[in-house]
Amino acid sequence: MLATLAFIVAIQAVAQIDVPTRPPTPLEQVPHVTVIPYEIRGDLAPALHRSMDELGPMMSNGVRVPMRTQWRNQVRWSNDANGCLPQTARMTWQIETTAPVIAADAEAGPRMRARFDRYRQQLDAFEYGRAVRINAGMEATLAAMRAAADCDGLIEARRAGEAAIVEANRDYDFATARARRNMRPLQ
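Residues numbered from 1 in each chain as written. Predicted model: local features only at pLDDT ≥ 70, side-chain atom pairs only at ≥ 80, totals over all residues. Heavy atoms only, no water.

1. Section: the nonpolar core
Now for step 1: One finds V33, I40, M52, I102, F116, Y119 and L186 to be the most contacted residues of the largest nonpolar core, which totals 37 residues.
Now for step 2: The set of elements that each furnish at least two residues to this core consists of β1 (33-40), α3 (45-55), β3 (83-102), α4 (110-147) and α5 (151-181).
Now for step 3: Looking at this core, the element that brings in the most residues is α4, giving ten residues. (Core = buried A, V, L, I, M, F, W, Y, C linked by side-chain atoms within 4.5 Å. Buried < 20%, exposed > 50% of the residue type's maximum accessible area, 1.4 Å probe, protein only. Helix = DSSP H or I, 4+ residues; strand = E, 2+ residues; numbered from the N terminus.)

In structure tokens form, the structure reads like this:
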């Protein structure tokens, strides 16, 4: 009886332990990146996988994935009597990564949360590579826009730069496909 009471008290004490939030990852520290969490629930890996399959971000082809990075930009420049002034071009951009987090009230215990954190770090590593490429592409695009001779050149530099970012992301997906397939699964 006393042992049962001690067990119940111990279980209640463990249930009241605050689960620490994950420290910022390198992905969250990349300039222009905002990580948008979506909460998943479950006690074991299969339930967490189901939750990601149901709630994860959707690709343009309708397939849900555990994590997704998207970007957008906005460009402005000044004009004078002769037209636009490419050297005044300014660009702001935002990179958004939608990523899973285990809900604070989920049934997952500390061990499952630790395994999920390791899994999430792998996902973050791939998206980190993507975010770095997007930032580099945006900076190169802005430099090319400012160096343009006229408005048409500025617009073409923007289009070419954005196309290069899309192409760099495709190349990155191709180059990392094997590593992603061999990534340690959430178990």
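2. Points about the layout of surface pockets
Think of a ball as big as a water molecule: rolled over the atoms, this probe shows where empty space is left.
Now for step 1: Quantified by volume, the second largest pocket comes out at close to 530 Å³.
Now for step 2: If you go around the second largest pocket, you meet 19 residues; those closest to its centre are M59, T69, E127, R130 and D173.
Now for step 3: Those elements giving two or more residues to the lining of the second largest pocket turn out to be β2 (68-80), α4 and α5.
Now for step 4: Class assignment of the residues belonging to the lining of the second largest pocket gives a composition of ten nonpolar, three polar and six charged. (1 Å grid on protein atoms, 1.4 Å probe; cavity = no way out; pocket = protein on both sides within 12 Å on 5 of 7 lines; lining within 4 Å. Points joined across faces, edges and corners; volume = space filled by probe spheres on them. Nonpolar A, V, L, I, M, F, W, Y, C, P; charged D, E, K, R; others polar.)

3. A closer look at the state of the cysteines
Now for step 1: One pass over the structure, following the stated rule, counts one disulfide.
Now for step 2: With a sulfur-sulfur separation of 1.9 Å, C84 is cross-linked through a disulfide to C151. Highlighted residues: C84 in strand β3 and C151 in helix α5, separated in sequence by 67 residues.
Now for step 3: You can call C151 partly exposed: its relative accessible area is 27%. (Disulfide = S-S within 2.5 Å.)

4. As for the pattern of salt bridges
Now for step 1: Considering all chains together, one arrives at nine salt bridges under this definition.
Now for step 2: Across the pair R130 and E127 runs a salt bridge, and its minimum N-O distance is 3.1 Å. Here E127 and R130 lie together in helix α4, a separation of three residues that amounts to about one turn. Pair check on accessibility: R130 and E127 agree, each one buried.
Now for step 3: With a closest N to O distance of 3.0 Å, E162 and R158 form a salt bridge. In this pair, E162 and R158 are both assigned in helix α5, four residues apart and thus about one turn of the helix distant.
Now for step 4: Looking at E162, the relative accessible area reads 21%, which means it is partly exposed.
Now for step 5: Look at R158 and you get partly exposed, because its relative accessible area is 25%. (Salt bridge = Lys/Arg side-chain N within 4 Å of Asp/Glu carboxyl O.)

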